[in-house]
Amino acid sequence: MVMLDFFHYGFMVRALLAGMCIGIIAPMVGIFLVTRRYSFMADTLAHVSLAGVAGALLIGMNPLLAALGCSTITAIVVEHMRSRGTAKGEVGLSLFLSGGLALASVLMSLGRSQGGAISGVLFGSITTVTHTDTLVIGILSCLIVAAVVVHYRQLFCTSLDEELAIVSGLPVRRLNMTLVILTAIIVSLAMNIVGVLLIGALMVIPVLAAMQRRRSFLSTLLHSIVFSLSSVIVGLFISFSFGSASGGSIVLVAIVIFVACALSSRGRRH
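Bear in mind the structure is a predicted one, so any value in this text is a computation, not a measurement. (Residues numbered from 1 in each chain as written. Predicted model: local features only at pLDDT ≥ 70, side-chain atom pairs only at ≥ 80, totals over all residues. Heavy atoms only, no water.)

Helix and strand content of the chain: 13 helices and 0 strands. When the helices and strands of the chain are read in sequence order from the N terminus, they spell out α-α-α-α-α-α-α-α-α-α-α-α-α. Compactness check: the chain gives a C-alpha radius of gyration of 18 Å against a globular reference of 18 Å for 270 residues, within 12% of the reference. Principal-axis analysis of the C-alpha atoms gives the chain an extent of 55 × 45 × 30 Å. (Helix = DSSP H or I, 4+ residues; strand = E, 2+ residues; numbered from the N terminus. Rg over C-alpha atoms; globule rule 2.2 N^0.38 Å.)

Listed below in structure tokens is the structure:
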């Protein structure tokens, strides 16, 4: 009965459609971040996006556009610093993560009346997903899927061994920049569904769960998408049924899947 009620609400249908799009693209990009040991990038961009949202609410700007702009610019700057040797990846990420969080806290303190909106952005709020959000997420998700499919082999080679990819003549700098920009877009798109503080988990945990199966890279990618979609669908249903934060519910389901995969893998080895 509750399942049928789920589809009687327009905001839940919109959230489900948008969430499924996020559930597909998050691990598609996340697997390359995990392989590069660069998964901290998603968390950094999330904190910067939070600062963008806080600033947008303060001046009456569109939060999605502000988050997208801030996270994309930060991703480009961090990757530029890393490629130029100005700062190692972890150093640059720590700098922007701390700075983004500090700026967000200042802006949120200036706009105290926006506490409810900020809370939804932090942990996800399915009631805030609009028709426009769903349309934008759907279009950009298709573009991200197309980009990953077209550049799959190059991203795969670059992620496994960047030096070998350079020697092979691959456009490594362009590929790295493309990957971080895609990450920035996903972080911005997911803020209403998963929340900016939890999107990094959705990009990483399903991938880690799929890695427990010890299959090929492509098989791991496909399994991570299945796990991510399962987390989103079940998490949204739990959120609707119990009134919990959508992002937290989704991530907790993802963690349960990871634990199940880890125990199953350990049992097979024994």
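Right, let's talk about the packing of aromatic side chains for a bit. Enumeration over the complete set of coordinates arrives at 5 aromatic pairs. A centroid spacing of 5.6 Å and a plane angle of 40° characterise the contact between Phe32 and Phe217, whose relative ring orientation is tilted. Placement of Phe32 in helix H2 (residues 10-35) and of Phe217 in helix H12 (residues 217-242) is noted, with a sequence separation of 185 residues between them. Classification of Phe32 by relative accessible area gives buried; the value is 0%. Overall, the relative accessible area of 17% leaves Phe217 in the buried class. Ring-pair connections join several aromatic residues into one group, and the members of that group are Phe32, Tyr152, Phe156 and Phe217. (Phe/Tyr/Trp six-rings, centres within 6.5 Å; stacked < 30°, edge-to-face > 60°. Buried < 20%, exposed > 50% of the residue type's maximum accessible area, 1.4 Å probe, protein only.)

What follows deals with unusual backbone geometry. Although it is not a glycine, Arg37 adopts a positive phi angle of roughly 55°. Looking at the secondary structure, you find Arg37 in the loop between H2 and helix H3 (40-59). Look at Arg214: it is not a glycine, yet its phi comes out positive at around 55°. For Arg214, the position within the fold is in the loop between helix H11 (199-211) and H12.

Glancing now at the nonpolar core. Of all hydrophobic cores here, the largest spans 70 residues; its most connected members are Ile22, Val194 and Ile199. Each residue touching Ile199, except ones within four places of it in the same chain, is listed here: Ile22, Ala46, Ile186, Val187, Ala190 and Val194. If you look at the next biggest cluster of nonpolar residues, it comprises 6 residues, including Ala210, Val253, Ile257 and Cys261. (Core = buried A, V, L, I, M, F, W, Y, C linked by side-chain atoms within 4.5 Å. Contact = heavy atoms within 4.5 Å.)

Quick look at the environment of Leu236 now. Its location among the elements puts Leu236 in helix H12. On a C-alpha basis, the gap between Leu236 and Val167 in space is 46 Å, while along the polypeptide they are 69 residues apart.

Another point: the side chain of Arg36. Here Arg36 shows up in the loop between H2 and H3. Buried and without a salt bridge, Arg36 has Glu162 as its closest oppositely charged side chain, separated by 4.3 Å. Among the polar contacts made by the side chain of Arg36, one reaches the side chain of Asn176 at a distance of 2.5 Å. Residues in contact with Arg36, not counting those within four places in the same chain, are Leu155, Thr158, Ser159, Glu162, Asn176 and Leu179. (Lys, Arg positive; Asp, Glu negative; His and termini not counted. Salt bridge = Lys/Arg side-chain N within 4 Å of Asp/Glu carboxyl O. Polar contact = N/O pair within 3.5 Å; in protein donor to acceptor, adjacent residues only side chain to side chain.)

The next thing to look at is the pattern of salt bridges. Counting across every chain of the model gives 2 salt bridges. Close ionic contact of Arg82 with Glu79 constitutes a salt bridge, the shortest N to O distance being 2.8 Å. Placement of both Arg82 and Glu79 in helix H4 (residues 63-84) is noted, with a separation of 3 residues, approximately one turn of the helix. Overall, the relative accessible area of 24% leaves Arg82 in the partly exposed class. A relative accessible area of 2% places Glu79 in the buried class. A salt bridge links Arg82 to Glu162; the shortest N-O distance between them is 3.8 Å. A residue pair is termed long-range when its members are at least 10 positions apart, and Arg82 in helix H4 and Glu162 in helix H9 (residues 162-167) qualify at 80 residues.

Let us look at the packing of H3 against helix H10 (residues 172-189). Close contact between H3 and H10 brings their axes to 9 Å; oriented N to C, the two are set at 50°. Comparing the axis directions of H3 and H10 gives the class oblique. In the crossing of H3 with H10, the sense of the turn from one axis to the other is right-handed. Contact with H3, carried on its side by Met41, Ala42, Leu45, Ala46 and Ser49, involves Val180, Thr183, Ala184, Val187 and Ser188 of H10 and no other residues of that element. (Axes fitted to C-alpha atoms, helices over the stretch in contact; angles between N-to-C directions. Parallel < 35°, antiparallel > 145°, perpendicular 65-115°, else oblique. Left-handed = near helix turned anticlockwise from the far one by under 90°.)

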